[in-house]
Amino acid sequence: MELIKTVILGIVEGLTEWLPISSTGHMILVDEFIQLNVSEQFMDMFLVVIQLGAIMAVVVLNFEKLNPFSGEKNKAEKRDTYILWYKVILACVPAAVIGLLFNDYMEEHFMTALVVSATLIFYGIMFIVVENYNKKRVPVVNDLKQLSYRTAFIIGLFQVLSLVPGTSRSGATILGGILFGASRYVAAEFTFFLAIPVMFGASLLKMVKFGFHYTGAEILILIVGMATAFVVSILSIKFLLKYIKNNDFKAFGYYRIVLGIIVIAYLLLVGDPTQNG
């Protein structure tokens, strides 16, 4: 039964990590109904480390593009790959600095259903507003090579917004990319690459904080959760990149608004699940 619950959590993670709909908002609701029989400390770590499965999907799908040592690439292509990584690292700096300084405070004071519902609705509205504004504009960045260091850093600043639960890391950075001239495809692609050091870093910190003492059952739960998130993430990423070639992000905006209202209704009827127990 615990493994079935783990698979469900892995599916939710794999879907919501890449679609701009907030994995935190979904995990809060799912965790309320599907609770693993593990300690609170392990669950707190599991919900972060399960993201390693999701991020490995990005690495596998884009290994050639991200590998500067590939024998298939000429000197110029290898240089372009290094430059891409420099931009990714630069974009990670704001969230890394602010996250290290304020992450514990954010989790302690902002990890509530009220905050999550508010950010779900606010950024849902922002997606609709930005897409309406964007209708009259032509993207100036249609390829990752055209993405400047300045724009990469600005997208990194938008990633800081995702430290507030319910924002959606991919949602915030995609919005930032679109607002500063990137096409939807480039904004989404750069967002995926930006997640690699962010998620590896967050997972490592959680594992160090938890300690490396696991029971056999806990190891199995971690492996199954990450494997499920990996498989679902591959499907989710492929779907999103195909979807945005011919569609905008408004549908995700409407979905976020509806989900935010559901969270508020649940909050009023049952209470804040993040404050129970």
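Our subject is the structure listed above.
Let us look at the structure shown here. (Residues numbered from 1 in each chain as written. Predicted model: local features only at pLDDT ≥ 70, side-chain atom pairs only at ≥ 80, totals over all residues. Heavy atoms only, no water.)

Let us look at the overall build of the chain. Within the chain, the secondary structure is distributed over 12 helices and zero strands. Secondary structure of the chain in N-to-C order comes out as α-α-α-α-α-α-α-α-α-α-α-α. By the compact-globule yardstick of 19 Å for 277 residues, the chain fits well, its C-alpha radius of gyration being 19 Å. By its C-alpha atoms, the chain is 55 × 45 × 35 Å across when sized along the principal axes. Across the 277 residues in the chain, those meeting the buried criterion constitute 52%. Residue pairs at least 24 apart in sequence account for 82% of intrachain contacts in the chain once pairs closer than 6 positions are excluded. Of the roughly 13,600 Å² of accessible surface on the chain, a fraction of 68% belongs to carbon and sulfur atoms. Here the chain contributes 21 positive and 20 negative side-chain charges, whose respective centroids are spaced 14 Å apart. (Helix = DSSP H or I, 4+ residues; strand = E, 2+ residues; numbered from the N terminus. Rg over C-alpha atoms; globule rule 2.2 N^0.38 Å. Buried < 20%, exposed > 50% of the residue type's maximum accessible area, 1.4 Å probe, protein only. Contact = heavy atoms within 4.5 Å. Areas by Shrake-Rupley, 256 points an atom, 1.4 Å probe, with all protein chains shown as cover. Lys, Arg positive; Asp, Glu negative; His and termini not counted. Charge placed at Lys NZ, Arg CZ, Asp CG, Glu CD.)

What follows covers the pattern of salt bridges. For the structure on display, the rule yields six salt bridges. Across the pair K5 and E2 runs a salt bridge, and its minimum N-O distance is 3.2 Å. Here K5 pairs with E2, and both are found in helix 1 (residues 2-16), just three residues apart, close to one helical turn. Judged by its relative accessible area of 18%, K5 falls in the buried class. (Salt bridge = Lys/Arg side-chain N within 4 Å of Asp/Glu carboxyl O.)

What follows covers the nonpolar core. Formed by 60 residues in total, the largest nonpolar core has its most connected members in W18, F46, F190 and F192. No other element matches the 11 residues that helix 10 (residues 184-210) contributes to this core. Those residues within four positions of F192 in sequence are excluded, and the remaining contacts are W18, I55, V58, I237, L240 and L241. Core analysis: the next-biggest nonpolar cluster, separate from the first, contains eight residues, I28, A113, L120 and V263 among them. (Core = buried A, V, L, I, M, F, W, Y, C linked by side-chain atoms within 4.5 Å.)

Another point: helix 10. In this model helix 10 runs 38 Å from its N-terminal to its C-terminal C-alpha over 27 residues, within 8% of the 39 Å that 1.5 Å per residue would give. At A195, helix 10 shows its largest kink, close to 30 degrees, and the proline P197 lies no more than four residues downstream. G211 occupies a position one or two residues after helix 10 and carries a positive phi of about 95 degrees. (Expected span 1.5 Å × (residues − 1). Bend = angle between axes of the 7 residues up to and from the residue.)

Attention shifts here to the side chain of T81. Inspection of the secondary structure assignment puts T81 in helix 6 (residues 75-110). Using a relative accessible area of 5% as the deciding quantity, one classes T81 as buried. Excluding residues that lie within four positions of it along the chain, T81 makes contacts with K65, L66, N67, P68 and K73.

Where helix 1 meets helix 11 (residues 216-243), the closest approach of the two axes is 7 Å, and the angle between their N-to-C directions is 35 degrees. As for how helix 1 packs across helix 11, the hand of that crossing is right-handed. Residue-level inspection shows L3, T6, V7, G10, I11, E13, G14 and L15 of helix 1 in contact with helix 11, the latter providing L220, I221, V224, G225, T228, A229, V232, S233 and S236. When grouped by side-chain class, the residues that make up the contact of helix 1 with helix 11 number nine nonpolar, seven polar and one charged. (Axes fitted to C-alpha atoms, helices over the stretch in contact; angles between N-to-C directions. Left-handed = near helix turned anticlockwise from the far one by under 90°. Nonpolar A, V, L, I, M, F, W, Y, C, P; charged D, E, K, R; others polar.)

Within the chain, S22 stands out as a residue other than glycine whose phi angle is a positive 75 degrees. Look at S22 and you get buried, because its relative accessible area is 1%. Phi is positive for S168, close to 85 degrees, though the residue is something other than glycine. Along the polypeptide, S168 turns up in the loop between helix 8 (149-160) and helix 9 (169-179). The buried category is assigned to S168, whose relative accessible area is 8%.

The grouping of V93, V97, L101, F102, Y105, F153 and L157 at the surface amounts to a nonpolar patch, some 640 Å² of accessible area in total. Counting only elements with at least two residues in the nonpolar patch, the list comes to helix 6 and helix 8. Sorting elements by how many residues they give to the nonpolar patch places helix 6 first, with five residues. Mapped onto the elements, L157 comes out in helix 8. For L157, a relative accessible area of 42% corresponds to the partly exposed category. (Patch = residues over 30% accessible without salt bridge, like charges linked within 9 Å, V, L, I, M, F, W, Y side chains within 5 Å.)

So, about the environment of G156. Structurally, G156 is set in helix 8. The sequence separation of G156 and T191 amounts to 35 residues, and the corresponding C-alpha distance is 9.3 Å.

A word on the side chain of H26. Turning to its location among the elements, H26 is positioned in helix 2 (residues 23-33). Within the structure, the side chain of H26 is placed 2.8 Å from the side chain of Y255, a separation counted as a polar contact. (Polar contact = N/O pair within 3.5 Å; in protein donor to acceptor, adjacent residues only side chain to side chain.)

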